[in-house]
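Remarks on the overall topology
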Amino acid sequence: MKIILLILLFPFLEISLFFIFLSEIGFLISLIEIFTTFLLGFFLLSLNKRLFFENNFIPFTLSNFDKKKIEKNKRNLFFIFGSIFILIPGYISDFFGFLMMLTFVQNILLKALFYKFKVFDLKKQTVNRDQGEIIEGEFYDLHDIKRNISKEKK
């Protein structure tokens, strides 16, 4: 619910912040800033998109979701998301775009995502998520029992 409210309020916050900066620094400088960040975002997106797919990137699937693959490509992945935010005109989106390109912010976001979606390092630990559904029992080979019964009758 909070995310939907934030998504609905985001354009209003961007527009009001734009008008505040427009009155403070002027129309021409605001337009130059928007155009410059758009070009920078477009350049970073094209550069990192190419690097992201050229570095032997293996696509993620839900059954093959490994922490090592994400950490290997985290710089390019966050630069792609950051450049998309920079492409969007506005001061808040530019701030979040530049923030996503910082290494310590990338580490914090990855830790939060790994904790939220319970992504574990598959080589270091094994997690049994179905611990409540363990069924214990014994196994009998029915063919051996039939053979033993038929031998006893003879």
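This text follows the structure it describes.
Below or above, wherever it landed, is the structure these notes cover.

1. A word on the overall build of the protein chain
- When its secondary structure is counted, the protein chain shows 7 helices and 0 strands.
- N-terminal to C-terminal, the α/β element order of the protein chain is α-α-α-α-α-α-α.
- Taken over 154 residues, the protein chain has a buried fraction of 23%.
- Split by element, the accessible area of the protein chain, about 12600 Å² in all, is 69% carbon and sulfur.

2. Considering the packing of aromatic side chains
- Across all of its chains, the model carries 3 aromatic pairs by this definition.
- With 5.9 Å between their ring centres and 55 degrees between their planes, F95 and F96 make a pair best called tilted.
- Taking the relative accessible area as the measure of exposure, F95 reaches 51% and is therefore exposed.
- Taking the relative accessible area as the measure of exposure, F96 reaches 39% and is therefore partly exposed.
- Over the ring of F79 we find R75, and its NZ or CZ is 4.4 Å from the ring centre.

Here is what the cut-offs are and how they apply
- Residues numbered from 1 in each chain as written.
- Predicted model: local features only at pLDDT ≥ 70, side-chain atom pairs only at ≥ 80, totals over all residues.
- Heavy atoms only, no water.
- Helix = DSSP H or I, 4+ residues; strand = E, 2+ residues; numbered from the N terminus.
- Buried < 20%, exposed > 50% of the residue type's maximum accessible area, 1.4 Å probe, protein only.
- Areas by Shrake-Rupley, 256 points an atom, 1.4 Å probe, with all protein chains shown as cover.
- Phe/Tyr/Trp six-rings, centres within 6.5 Å; stacked < 30°, edge-to-face > 60°.
- Lys NZ or Arg CZ within 6 Å of the ring centre and 35° of its normal.

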